[in-house]
Amino acid sequence: MRIVQACVKLGLDFVCVHTAADAHSGHVRLAREQGGPGSLYRISSYQDANELLAVADDAGATALHPGYGFFAEDFRFARRVTERTRALTWIGPSWRVIRDLGDKINTKRLARGLGVPTVPGSDRPLYDEPEAEEIAANLFSFQREQDVARPVVLLKASAGGGGMGIEEIHDIDSFRMTYRRIRNYAKRQFGDEGVLVEQRIFDFNHLEVQILCDRHGGEPLHFGTRNCSVQSTGRQKRIEVAPGFVPAELRYSFDAAAVLEAVKDHSLAIAREAGYDSVGTWEWIVTPRGEPFLMEVNTRIQVENGVSAVISRIGGKGGVDLIAEQIRCALGERPGYTQKDITFEGVGIEYRLIAEDPDNKFTPWAGRIDSFSWESAPWLSVHTQVPTDEPYQIPTDFDPNLALAIIWGKDLAEAKARGLEFLDKLVLGGTDSTGVELKSNVEFLRHKTENLLVF
Amino acid sequence: MDIEKRIQSLAARLKYIQDIFAEREDANIELLHSKLKDFTDNGGAMSAQEAARQVEALEDLYAFLEKKLERELTPMDKVRIVRHPQRICLKDILENVYDNYTEIGGEGEYNIDPSVLIARAYITRRVGGKVYNQPIMVIGQEKGHGEEFRNGGSVKPWGNAKAQHYMQVAETENIPIHTYVFTPGAYPLEDYPGAAQQIARNLYEMAGLKVPVIAVFSEGGSGGAEAIGLADVRLMLSHGYYSVISPEGAAAIEGRLRGGQRASAELIETCARRLKITADDNRTMGYVDRVIQEPPLGARPEHYDFFKVLRSEVIRATDEVVLNVRGWKFFRAMTLSAQRNKRNASAEDIYVRWTLSAGARDRLVWRRYQRFRRMSRHAYIDNSPLTKKVERLAREAGWSVYSFFKYDFFRKHKKKFTHMLEEIGSEFQVVRDKAAVPLRWARRALAPGRAAVCSEEAGKSLTELSCWDKGSCDTPGVYVSPQAREDRVLTCTNAETHGCKDLWAPDLFGDFAGVCPTCGHHFRMEYQWYLHNVFDYGSIFEFSRSVESGNPLDYDGLSAKLEKAKAETGLKSACVTFEARIKHVNVICATLVGTFRGGSVGAAEGEKFVRAAERARKKHYPFIAYVHGTAGIRIQEGVNGVIQMPRCTMAVRRYIEAGGLYIVVYDTNSYAGPVASFLGCSPYQFAIRSANIGFAGPGVIKETTGLDIPPNYHVAHQALSRGHIHGIWDRRDVRANLNQALQTMGGRNLYYR
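Just so it is clear, the structure is predicted and the values come from calculations on it, not from any experiment. (Residues numbered from 1 in each chain as written. Chains lettered and ligands numbered in written order. Predicted model: local features only at pLDDT ≥ 70, side-chain atom pairs only at ≥ 80, totals over all residues.)

### What about the overall build of chain A?
When helices and strands are tallied, chain A shows 13 helices and 22 strands. Scored against the burial criterion, the 455 residues of chain A give a buried share of 42%. Summarising the internal contacts of chain A: among those between residues at least 6 apart in sequence, 66% fall at separations of at least 24. (Helix = DSSP H or I, 4+ residues; strand = E, 2+ residues; numbered from the N terminus. Buried ≥ 20, exposed ≤ 12 C-beta atoms within 10 Å, placed from the backbone. Contact = placed C-beta atoms within 7 Å.)

### Comments concerning the overall build of chain B
Looking only at helices and strands, chain B has 27 helices and 20 strands in total. With the C-alpha coordinates of chain B rotated into their principal frame, the extents come out at 135 × 70 × 55 Å. Looking at chain B as a whole, 43% of its 753 residues are labelled buried. Here the contacts in chain B between residues at least 6 apart in sequence split such that 74% fall between residues at least 24 apart.

### Structural notes on the pairing of strand S6 (residues 233-243) of chain B
Residue and element names in this part refer to chain B. In terms of residue burial, S6 counts as a mostly covered element, since 10 of its 11 residues are buried. In the sheet, strand S5 (residues 213-221) pairs with S6 via seven bridges, with the strands oriented parallel. Opposite glycine 221, over in S6, you have serine 243 as the bridge partner. (Pairing = 2+ DSSP bridges.)

### Section: the domain arrangement of chain B
According to the domain assignment, chain B contains domain 1 (2-72), domain 2 (83-374), domain 3 (482-524) and domain 4 (525-744). The straight-line distance from the C-alpha centre of domain 2 of chain B to that of domain 3 of chain B is 51 Å. (Domains from an automatic or database assignment.)

### Some thoughts on the interface of chain B and chain A
Facing 16 residues of chain B, the contacting portion of chain A comprises 20 residues. Of all elements in the fold, only helix H16 (450-463) and helix H18 (505-511) of chain B reach the threshold of two or more residues within the side of chain B that touches chain A. No other element matches H16 of chain B, which puts six residues into the side of chain B that touches chain A. In the side of chain B that touches chain A, the residues fall into seven nonpolar, five polar and four charged. (Nonpolar A, V, L, I, M, F, W, Y, C, P; charged D, E, K, R; others polar.)

### Considering the environment of serine 243 of chain B
With respect to the secondary-structure elements, serine 243 of chain B resides in strand S6. For the pair serine 243 of chain B and glutamine 429 of chain B, spaced 186 residues apart in sequence, the C-alpha to C-alpha distance is 69 Å.

### Considering the sheet that holds strand S3 (residues 130-141) of chain B
Residue and element names in this part refer to chain B. Spatial ordering of the open sheet is given by S1-S2-S3-S4-S5-S6-S7, a layout of seven strands whose pairing is mixed. Looking at strand neighbours, the two that pair on one side only are strand S1 (100-103) and strand S7 (290-292), the edges of this open sheet. Pairs of neighbouring strands in the sheet enclose a mean axial angle of 25°, with direction left out of account. Where strand S2 (residues 116-127) and S3 come together, 12 bridges link them in antiparallel fashion. Paired with isoleucine 123 across the bridge in S3 is glutamine 134. Sheet strands in contact with helix H8 (residues 222-229) are S3, strand S4 (177-183), S5 and S6, and its direction is about 170° off that of S5. (Axes fitted to C-alpha atoms, helices over the stretch in contact; angles between N-to-C directions.)

### Topic: the packing of helix H4 (residues 75-83) of chain B against helix H10 (residues 265-274) of chain B
Residues and elements named next belong to chain B. The contact between H4 and H10 brings their axes to 8 Å, and the two run at 95°. Here H10 runs roughly perpendicular to H4, going by the angle between their axes. Residues Pro75, Met76 and Val79 of H4 form the contact with H10, whose own contacting residues are Ile268, Glu269, Ala272 and Arg273. Classifying every residue of the contact of H4 with H10 by side-chain character gives five nonpolar, no polar and two charged. (Parallel < 35°, antiparallel > 145°, perpendicular 65-115°, else oblique.)

### A word on unusual backbone geometry
With glycine set apart, most residues show a phi of negative sign, and most peptide bonds adopt trans. Between alanine 242 of chain A and the following residue, proline 243 of chain A, the backbone shows a cis peptide bond with an omega angle of -5°. Of note, phenylalanine 362 of chain A is a non-glycine position whose phi angle comes to about 60°, a positive value. In this structure, phenylalanine 362 of chain A sits in the loop between strand S16 (356-357) and strand S17 (363-364). With 17 C-beta atoms counted inside 10 Å, the residue phenylalanine 362 of chain A sits in the partly exposed group. Of note, the phi angle at histidine 584 of chain B is positive, near 75°, even though the residue is not glycine. Mapped onto the elements, histidine 584 of chain B comes out in the loop between strand S13 (575-582) and strand S14 (585-592).

### Some words on the domain arrangement of chain A
Residues and elements named next belong to chain A. According to the domain assignment, chain A contains domain 1 (2-100), domain 2 (120-199) and domain 3 (205-449). Computed over C-alpha atoms only, the centres of domain 1 and domain 3 are separated by 23 Å. Tallying the contact residues gives 24 residues for domain 1 and 26 residues for domain 3. Within the residue set of the side of domain 1 that touches domain 3, elements represented by two or more residues are helix H1 (2-10), helix H2 (26-35) and helix H5 (95-102). Among the elements that make up the side of domain 1 that touches domain 3, the one with the highest residue count is H1 (five residues).

### A closer look at the environment of proline 683 of chain B
Residues and elements named next belong to chain B. Mapping proline 683 onto the fold places it in the loop between helix H24 (672-675) and strand S18 (684-688). Since 13 C-beta atoms lie within 10 Å of it, proline 683 is described here as partly exposed. When the C-alpha atoms of proline 683 and leucine 661 are compared, they prove to be 9.0 Å apart, with 22 residues separating the residues in sequence.

As structure tokens, this is what we get:
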């Protein structure tokens, strides 16, 4: 939806795909309004590369925006798009960058090569048991030295992902048993015996840096930091706040301003080194002691880009649209401004309104939404695919995301107050097929707003 | 009545002649037919004397015409002769050639495989008033005289297993083996043990048998014949044939016939001629040692004189073999060789004891290897100049000397020395540890600050870039398959059942190594991929490049086909032999390339394989046979091809017995001869998931046995469950698995052990 808006804003022609289940979504309506029925293609699945490329060929498209998910971080798809006989422009980083930064181990090694702090532990898969044991033992003594009360070391299958093949150990004596279990599991499951050994960090804050680079090797630009520490139990983000910390209003046990600066500088250094050429997000964790560690790089535009845009001013003007910037740069334009022109003003809060039950492990709720409205304000923008004038059935194929609300205030206090105001005036109602009332995370958001950015 | 009997026998002879010459009934046969008819019509009216005279005249005429017809026999006529039910069979031979015998294991139909006959037989010699009884193990295919249960001499795998067993028995008992080959080919079953598997075992067994083996060929069809045909002396009956494939089979391949179609008689006839299958042809090419002359139009059970000849030939052959390897032989050997050219000389006049001493046994095996090594030298092209050939021989000799000193001479002593050093070292370690206890205690007491420094170091190692030394320096080269350059989308064959996504060719053939990431289906990959992705970068060094496939039989059309294949693949034969490294371990690898004439094995391929095995033996390197696909023996080379089965098997056995490690890796389709011999005999055989392994393809099985085979009969998993192969590898893991195999398997005498 926001991509369509960006295209309209840039005066570009577009076509848009949707599945049968998504036929009533907002982006379909918007595309129909802006581009007419010819700009819509119904496909059977968002995951079928052949179908997407067939649509692109049929429409005579010259460039392809992969959206936020599925294909955006798939370097194979990016490569296919740019290297097929009828090549398209890929709106995103070049596939080599996606491949290199998509690999966490590679990213970690790249970072360490540049002296960027990363989570203490091994930076390559370990195949040698005595070596792994030595690293684990070092990690325990290292943490003890830093007065960590209960040192914990993580053993991960290097080929794994999504939480599979990860175990923690609390002392070196249980290392050998766990190591062997993980190694055998990894060998069976992923066909690779490599194991990573890392420190486990508790109570951290999750920071992000928004980066923009052009295709001509120009100096990478950043659009400030975000704090995404309010998450569901499944580590899904629920509230994002920009900037990452507000040392002006809150007291931190460490030098928060310096941490933000360090994080930005390190991110830019890596972008420079990797030859980054699009929009991306550098994810960091900050320990309670104020140490930042690079976690990973998201080589795509993220849903929460709006909250960084809302506090950014280019040449003093607001209304920054990062998706439009991304498309412009991907098509070969230069940004036309430098880091000096980018300034930041105020605090942005982004709420993710989701039909789910926070008290019950964030279980998704599926049903029909009968009423949905909010009071518009100049400091508020809401992005939603849910229509406000007619009932809407939530498709069960995807997460029940309802809306993104981005709120701006001149400082944290004002932003928080406006956020609560928005939540108070929000009307949201519906029932599912068994008559159960709509469940949403509004209360959860309200509760979390109280302590935003407190660390 | 005497005359009637004689007339009956004449009628039988006429019937036989008519059978043999089938369609081509020419004037001679007409004449015989009418004469006999005249006589039988008028026979009643004649006096007895007159009748006797006329019958005699008739018999003379028959004998004359039979001789005349004999001169005009075509190869196909000979094939019909050996297949005729009246042809002598093994039972006839046992009764008439040997003095006493007992069949082992079964009576007639009640036998594990009635088409194999095994007997303990005796030959009795009377020399100088003494009687000598000499036991022999007789092994052969039994066709019988047309009995259905004999299966036409087509041996099932378990029949060959039985033969193998009794070869071992003969070895234990130290008695010679006489084998009689009467088979159109092996029965192509894959059920345990598979035909290919068992024939390979037989060949491997015979390659190292330490007793004299004499083979007599009457009907020698391909693999079935090889299963018992690897011998010190190979005799052949003059009307027999010995070939890589039956003429009908060759015609079916030549005419590209599909199931159900029949080849025309002319085509079969030409194929039989082209394949050079007769005894004289094989004698000329050197694949049999002597031809035993049969009576005109082939031996039948009533030709008692022939059995005498056969007896004296087999006895002489056994004597020769024994005397050649024995210490005590002087005069007898001379007499024997002098006798060879004399008529009516009986080999039984001189007594030769057939048991061998230990030294003689080793010489026997060595001589057998040398004999086969020398065979089929004429059948491939080696265009390298004389200087190169001399250089190669010199280098081989150099390697022999070097490896003798390095491995056989020095290593023994070095081992002793290192063992001693290790002992001393570990004793010293214990003493030093004891002595160091107070020292360590003192150091800890004096320098508490050192610990902090250490931990700082450890902290650095946790947060700074580590050296990825392992694995980064020995990565294999990068090879981009030409298939990965096309912009197309492939659908996995298992998409229906496994829900695989469609694959883009550059992804599939570039990053995924031609393997579907969802279900593991292996797409076809060319052999170059393995050369570059399995072996260390730039480590491949090809040798015996000059050996080239030729056309030894001047088979029509083969030369053109070979030219085409050579131009298309840039290779000179279907076998590529090279030295390479896998994670720093030197190996020798022989690759059978499926794109060169179907990966079929002829004289050049066999020669290269043998040279590779010998090189591996001399250098003490592991030896890997990678089969990118083989359709079998190259039939257009006839016996020149089929002889590679025993040749290569012997080379492999010699290599393995020298303490080598011989690993076979099958990819894609691997069938027939090579699998049934030098590949199938390896104790370490592995298949890549895409492999099909077997003796005969599904079409051939249907054609020859009439059985409907189950689906996926030949896939790697079936081969694994039959015990033919010993593991199935994923293509992406070949390098790692080979490395693992090199480290853990076999080979007590490898250079890196």
